[in-house]
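# Inside the fold
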Amino acid sequence: MADPANKFGFVSYAHADRRIFAELKKQLAPIKRNHGIEFWDDGHLDGGQEWRSEIFRKIDSASVILLGLSATFFASDFIYNEELPRIWKRKEAGALVVPIVFRRFTYDFAYPGLLDLQTLPSHQNKLRPINDWDSTYNGCQAATEQLHNTLDRKSTHLNSSHRCISYAVFCL
């Protein structure tokens, strides 16, 4: 089980979706302030750093993992064959996995078991991908607000039972 005191988050996304991720990243600042979670993505890698081992090290230490889903995300061999199996092991160990659907994709491409997780953001109880909102800003704001609510519920749950739960966010 992931250590509830661990306040480290990992973000996996396809670089083709960098514009959506950049907006989401800005809106994650209140999550850091309110929940103490520092999110890491591969944009933090330094020149000359062994990127593969650093990414794996960050996945292995994350208590919260965000997945920016799109067709491009699932088309990445590195994400699908190397990151997702490792992320799934973290989920099984108690990490909170939150898939956020950036863009619509064919669900047949999804990683096994991933679509069993609840998705965000939603609007009127229906999944609504970030790029389907009237602006990327509003889609990311909805996803971040719903993530904040999820973390509040998880925190309450952890304080009462000392167990971790898994939850997913998809933004299509």
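Residues numbered from 1 in each chain as written. Predicted model: local features only at pLDDT ≥ 70, side-chain atom pairs only at ≥ 80, totals over all residues. Heavy atoms only, no water.

### Some thoughts on the packing of aromatic side chains
Our working rule: Stacked, tilted and edge-to-face pairs are distinguished by plane angle, under 30 degrees for stacked and over 60 for edge-to-face with tilted covering the rest, among Phe, Tyr and Trp rings (Trp via its six-membered ring) whose centres lie within 6.5 Å. Here a helix means four or more residues in a row that DSSP labels H or I, a strand means two or more in a row labelled E, and each is numbered from the N terminus. Burial here depends on accessible area, computed with a 1.4 Å probe over protein chains only, as a share of the maximum for the residue type. Under 20% is buried, over 50% is exposed, and the range in between is partly exposed.
If you walk through the whole model with that rule in mind, you get eight aromatic pairs. Residues Y80 and Y111 carry aromatic rings whose centres are separated by 5.4 Å and whose planes lie at 70° to one another, so their mutual orientation is edge-to-face. Separated by 31 residues along the polypeptide, Y80 in helix α5 (residues 77–92) and Y111 in the loop between β4 (96–101) and β5 (122–123) bring together distant segments of the chain. Residue Y80 is classed as partly exposed on the basis of its relative accessible area, which comes to 25%. Accessibility expressed as a relative area gives 15% for Y111, which makes it buried.

### Details of α5
Three or four residues apart is the spacing at which side chains of an α-helix point the same way, because the helix has 3.6 residues per turn. Definition in use: The length a helix should cover is 1.5 Å for every residue beyond the first. Throughout, the bend at a residue refers to the angle made by two axes, fitted to the seven residues ending there and to the seven starting there.
The terminal C-alpha atoms of α5 lie 22 Å apart, and with 16 residues this matches the ideal 22 Å at 1.5 Å per residue to within 8%. Remark: the principal bend of α5, roughly 40°, maps to E83, with a proline, P85, within the next four residues. Phi for G94, located one or two positions after α5, is positive at around 115°.

### Notes on the layout of surface pockets
Inclusion rule: A cavity here means a set of points on a 1 Å grid, drawn over the protein atoms and nothing else, where a 1.4 Å probe fits but cannot get out; a pocket is an open set with protein on both sides within 12 Å along at least five of seven lines, and a residue lines either one if it has an atom within 4 Å of a point. Grid points are joined across faces, edges and corners, and a volume is the space filled by probe spheres set on the points. Under this grouping Gly is polar, as are all residues other than the nonpolar Ala, Val, Leu, Ile, Met, Phe, Trp, Tyr, Cys and Pro and the charged Asp, Glu, Lys and Arg.
Taken as a whole, the largest pocket holds about 200 Å³ of empty space. Taken together, 14 residues make up the lining of the largest pocket; nearest its centre are H15, D42, I55, F78 and E83. Listing elements by their share of the lining of the largest pocket, those giving two or more residues are β1 (8–13), α3 (51–61) and α5. For the lining of the largest pocket, the leading source of residues is β1, giving four residues. Residue composition of the lining of the largest pocket, grouped by class: nine nonpolar, three polar and two charged.

### Details of the confidence of the model for the chain
Stated precisely, the cut-off is as follows: Known as pLDDT, the predictor's confidence for each residue is given on a scale from 0 to 100. The contact rule is simple, with two residues in contact once any of their heavy atoms fall within 4.5 Å.
Per-residue confidence for the chain gives a mean pLDDT of 86, with 87% of residues at or over 70. Every residue in residues 157–172 scores below 50 in pLDDT, and together they form 79 contacts with partners more than four places removed in sequence or on other chains.

### Observations concerning the packing of α3 against α5
For the record, the criterion: To obtain an axis, a line is fitted to C-alpha atoms, over the contacting stretch when the element is a helix, and the angle between two such axes runs from 0 to 180 degrees between their N-to-C directions. Orientation is classified from the angle alone, with under 35 degrees giving roughly parallel, over 145 giving roughly antiparallel, 65 to 115 giving roughly perpendicular, and any other angle giving oblique. Rotating anticlockwise by less than a right angle from the far helix to the near helix defines a left-handed crossing, while the corresponding clockwise rotation defines a right-handed one.
Where α3 contacts α5, the axes come no closer than 9 Å and their chain directions differ by 30°. Comparing their axes, α5 and α3 come out roughly parallel. Regarding α3 and α5, the two cross each other, and that crossing is right-handed. On the side of α3, the interface is formed by W51, R52, I55, F56, I59, D60 and S61, while α5 contributes F78, E82, E83, R86, I87 and R90. Of the residues assigned to the contact of α3 with α5, the class counts are six nonpolar, one polar and six charged.

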